[in-house]
Amino acid sequence: MSPMADNFARAVEDGLRLAKRIYFGKDRSVAPPKPPVSMDKSVSSYLYMPTAPMVYAVISDPAIVDNPDIPSYQPHVHGRCDPPALIPLQMNGITLEVDCYLDTAFLTVTGSWRVHCVMGSRSCDCRIAIPMGEEQGSVLGFEVDISRKSYCTQLIAMEDRDVEKVVRAEDGGFLKPHIFTITVPQVDGGSNLFIKASWSQKLVYEDGQFSLSVPFSFPEYVTPAGKKLSKKEKIRLTVNAGTSTEVLCNKTSHPLKELKRQVGKLAFLYESEVLSWSSNDFTFSYNVSSSRTFGGMLLQSPRTHDIDQREMFCFYLFPGNHQSRKVFRTEVVFVVDISGSMRGKPLDDTKKALLSALSKLSPEDSFNIIAFNGETFLFSSSMKLATNEAIDNATEWVNINFIAGGGTNILLPLNQAIEMLSGGTHDSVPLIFLVTDGSVEDERHICDVARSHLTDQKSICPRICTFGIGLYCNHYFLRMLAMIGRGQYDAAYDGDSIETRMERLLNRSTSTVLSDIVIDTLNDLDELEVYPSPIPDLLSEGPLIVSGRYRGKFPDTLKARGILPNMNNCIVELKVQRAKDLPLDKVLAKQEIDLLTAEAWLSQNSELEKKVAQMSIASGVISEYTEMALLEIPQKQEIPSKVSAQKLVDSKEQKIIRKLGLGFGNIRATAENIPPGLEAAKLPEAAEIFVKAASNCCGKLCEYCCCMCCIQACSRINDQCAIVLTQMCTALACFGFIECCAALCCSDSDGR
């Protein structure tokens, strides 16, 4: 777990201990639920992380903790909580709305929480935490209503790039890659918060079906303390596959009632009066039924506020769910970063995923492995057939040579892999699978080299798949490299998901069923822009979705052409139709923003950066060129579309959330071999100077304390100095004793 997440879990644990001060009356039936208990500290940290939408009271002054309805008049508590404790608020109602379009789900949570733990005459900040599921999506916005005021979030284009210096981490941001937090300032004790949070996440496609998992497991301590009264829990789900084929529901975690069933569409509702909140995540899976490859073309006109007034299109291909579908023979070169920063879990999980992928290769497939840091290490000088003997030898070689150390040089091993696959056979899809956690200075040059190599290929050119680990690698470089190589890109932003996400990407990358895809007559349009370009291959482990903008007139039908694994040509008829009840601009916004950001990084085009910022503000999808602001809206005034960053910072009631994008890599951290996620947050300049001075002072003091001169000096000090030293030592001992007593008191069984 990252240091930030660990600190959050400790704050929640402290908050639950502090909440024992709250008096709920003599009736034992209204006693608050007990927090989870675990003897293992590493496990207990995970127990206090949010597993459903949560709201916490931020407590710096423990004296304000009390029941706003029944004051307990407990003894005053001296001191402050530093860092502040987080007391989970009790929840009064929850509604989850899910809308699935193509391969994306849009989710909205609406709930009510009460500040049950703060005196009615006092106030505190409240921190909202939204876990969004493991599939990386995008936060879309928040709305908060409290008595006499309300708040909402708004994306703004940052004109002052130094704003990061004045943005506080506690105002909000990503606690973990899939957990977003935001802080609402100064909420009165006893108040109710009505919160609406929206986000998007990708649907997982595996074994011919789409699946969705939403964190919806509420801990017992958010149930209101009171006699067992029923509470309303509601889930509404709609599916619009965008296709003209039947959609079949497979599994669901909650008892959904079917409301509507049409071709390509489903609607469900779950609504219940419950005594305790849901203790299971909400999961749902469905099939888009077809035994053959099929596709279509959806068109939509731009909205009036869209900055790009060209027409939109979305082309999709589904592989079908035929279990015996043949895939291309694989020729794969694994290019794995073994620099010093990969030491420990990142390299161990990479080895596990790599060896798992080797075990799944067919005997007619071929492979090679290149490990690299500042130099390269080859398993073999040529491609090897994936026989049992070769895989055993490769396993032994990996265990011996995968030792983390040295710098990072990506260009050399990539050139070696391209050269190794340049003479491939015609019945296979050559594949380069690059894994790295670092960023290098020559990334744009690497993209240019890869483009020149791959465009010179006469047969099926090597595909490049990239996998980034942590936040120090440049994910837009990896995305661009994969786009140039018609491959796939994925990432694990924290250490917990490296193995599972890498295995999934490896399985997808080696499941090509249709390659070198082109669409007839698209070049006849007046103007055309395609994302991504060139068009990637169709994989059995996921649909292909390509979007873009155009001017001109589409024909009524189109044909998509590609090459099958038996090297025969394949033609798929595409019916062109207007998108109905399917917001294409909303569905395609994140993909287009990510790809255009990669293009802007590669070309260093400031105009393209401005375009991405405008698209981000219009769609609500966060980008590298926008920040999120929490705005107070007095009397429901209209939200400004663009606000000066400095004006927001100067306002006490309005906050700017720190930079939410991935960034463009960290060359310094890569050069210093800092492991992903372990770089401490940079202290303010004044604090940094103070720490440095204190460290130097302590170091010098230790030098003197460890010598005989110090002992002799102590024996000669006068009585006054001896008394002062004794009092200092006694005070330090008292502080330690008080801390011990506090820990014992907080863990008392009666909570008083």
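Anything mentioned here points back to the structure above.
The structure contained in this document is the topic of the report that follows. (Residues numbered from 1 in each chain as written. Predicted model: local features only at pLDDT ≥ 70, side-chain atom pairs only at ≥ 80, totals over all residues. Heavy atoms only, no water.)

## Observations concerning the sheet that holds strand 12 (residues 209-214)
Each strand in a sheet pairs with its neighbour through backbone hydrogen bonds, running either in the same direction (parallel) or in the opposite one (antiparallel). So the rule is basically this: When DSSP locates at least two bridges between a pair of strands, those strands are taken to pair. In DSSP terms, a helix is any run of H or I states spanning at least four residues, a strand is any run of E spanning at least two, and both are numbered starting from the N terminus. Axis geometry follows a simple rule: fit a line to the C-alpha atoms, using only the stretch in contact for helices, then measure angles between N-to-C directions, giving values from 0 to 180 degrees.
The four strands lie next to each other as 11-12-17-14, forming an open sheet whose pairing is antiparallel. On the outer flanks of this sheet lie strand 11 (204-206) and strand 14 (247-252), each paired with one strand and no other. Taking each pair of neighbouring strands and ignoring which way they run, the sheet shows an average axis angle of 25 degrees. Strand direction decides the pairing type here: strand 12 and strand 17 (residues 282-288), joined by six bridges, are antiparallel. By the bridge assignment, Ser211 is partnered in strand 17 with Ser285.

## What about the pattern of salt bridges?
We count it as follows: Just to be clear on terms, a salt bridge is a Lys or Arg side-chain nitrogen sitting within 4 Å of an Asp or Glu carboxyl oxygen.
If you walk through the whole model with that rule in mind, you get 31 salt bridges. The partner of Lys345 in a salt bridge is Asp349, and the shortest N-O contact between them spans 2.9 Å. Remark: Asp349 and Lys345 occur in helix 3 (residues 345-359); sequence separation between them is four residues, near one turn of the helix. One salt bridge connects Arg479 with Asp594, and the closest N-O pair in it is separated by 3.7 Å. Residue Arg479 is located in helix 7 (residues 475-484), and its partner Asp594 is located in helix 9 (residues 584-603); the two are separated by 115 residues in the primary sequence. When salt bridges that share partners are traced, they join Asp308, Arg310, Glu527, Glu529, Arg551 and Lys611 into one network.

## Comments concerning the environment of Phe367
Put simply, the rule is: By definition in these notes, contact holds between two residues if any of their heavy atoms fall within 4.5 Å.
Within the element layout of this structure, Phe367 appears in strand 21 (residues 366-372). Here the alpha-carbon distance between Phe367 and Leu431, two residues 64 residues apart in the chain, equals 9.2 Å. If we skip the residues at most four places from it in the chain, Phe367 touches Val332, Phe334, Leu358, Leu361, Phe379, Met383, Lys384, Leu385, Ala386, Ala390, Ile391 and Ala394.

## Thoughts on the environment of Asn409
This is how it is decided: Pairs of N or O atoms are called polar contacts if they sit within 3.5 Å, as long as, within protein, a hydrogen donor faces a hydrogen acceptor (for residues adjacent in sequence, only side-chain-to-side-chain pairs).
On the secondary structure map, Asn409 appears in the loop between helix 4 (388-401) and helix 5 (411-421). In the structure, Asn409 is positioned 29 residues away from Gly438 in sequence and 9.4 Å away in space, judged by C-alpha atoms. Within the structure, Asn409 has its side chain in polar contact with the backbone nitrogen of Leu411 (distance 3.4 Å).

## Quick word on the packing of aromatic side chains
As a reminder of what qualifies: Aromatic pairs are defined between Phe, Tyr and Trp rings, using the six-membered ring for Trp, whenever the two ring centres lie within 6.5 Å; interplanar angles under 30 degrees are classed as stacked, those over 60 as edge-to-face, and all others as tilted. Any Lys NZ or Arg CZ that is within 6 Å of a ring centre and within 35 degrees of that ring's normal is treated as a charge sitting over the ring.
One pass over the structure, following the stated rule, counts 22 aromatic pairs. Arranged with centres 5.1 Å apart and planes meeting at 70 degrees, the rings of Phe216 and Phe218 form a pair that is edge-to-face. Taken together, the aromatic side chains of Tyr205, Phe210, Phe268, Phe284, Tyr286, Phe294, Tyr316 and Phe318 make up a single cluster linked through ring pairs. A cation over an aromatic ring shows up here: Lys586 above the ring of Phe106, its NZ or CZ 4.6 Å from the ring centre.

## Things to note about the pairing of strand 31 (residues 557-563)
The sheet contact formed by strand 27 (residues 512-519) and strand 31 spans three bridges and is antiparallel. The residue of strand 31 that forms the bridge with Ser515 is Ile563. Judged from the seven bridges that link them, strand 31 and strand 32 (residues 569-578) form a sheet pairing that is antiparallel. Paired with Lys559 across the two strands is Glu573, which belongs to strand 32. What sits between strand 31 and strand 32 in their antiparallel hairpin is a turn of five residues, with Met567 showing a positive phi close to 70 degrees.

## Quick word on helix 8 (residues 498-509)
Note the following rule: Expected helix span is computed as 1.5 Å times (number of residues minus one). The classification of residues rests on relative accessible area computed with a 1.4 Å probe and restricted to protein chains. Under 20% of the type maximum is buried, over 50% is exposed, and intermediate values are partly exposed. Relevant arc is that of directions from the helix axis to the C-beta atoms, nothing else.
With twelve residues, helix 8 extends 16 Å from end C-alpha to end C-alpha; this agrees with the ideal 16 Å at 1.5 Å per step. Of all the positions in helix 8, only Ile498, Arg501, Met502, Leu505, Leu506 and Ser509 are classed as buried. Taken end-on, helix 8 shows its buried residues confined to a sector of 135 degrees, consistent with a single buried face. Along its buried surface, helix 8 packs onto strand 20 (329-337), helix 3, strand 24 (428-436), strand 25 (463-469), strand 26 (489-492) and strand 27.

## Describing the packing of helix 3 against helix 8
Here is the rule: For classification purposes, an angle smaller than 35 degrees is called roughly parallel, one larger than 145 roughly antiparallel, one from 65 to 115 roughly perpendicular, and anything else oblique. For a crossing to be left-handed, the near helix must be turned anticlockwise from the far one by less than a right angle; the clockwise case is right-handed.
It is the contact of helix 3 with helix 8, at a shortest axis distance of 9 Å, that shows an interaxial angle of 30 degrees. As summarised for this structure, helix 3 and helix 8 are arranged roughly parallel, according to the angle between their axes. Handedness of the crossing formed by helix 3 with helix 8: right-handed. Residues Pro346, Asp349, Thr350, Lys352, Ala353, Ser356 and Ala357 of helix 3 pack against Ile498, Glu499, Met502, Glu503 and Leu506 of helix 8.

## Description of unusual backbone geometry
Residue Asp82 is joined to Pro83 through a cis peptide bond whose omega torsion reads 5 degrees. With an omega of -10 degrees, the peptide bond between Tyr531 and Pro532 qualifies as cis. Among the structural elements, Pro532 can be located in the loop between strand 28 (527-531) and strand 29 (538-539). Positioned with a positive phi, Arg486 is a non-glycine residue whose angle comes to about 55 degrees. Relative to the elements of secondary structure, Arg486 occurs in the loop between helix 7 and strand 26. Accessibility expressed as a relative area gives 18% for Arg486, which makes it buried. Of note, Gln604 is a non-glycine position whose phi angle comes to about 55 degrees, a positive value.

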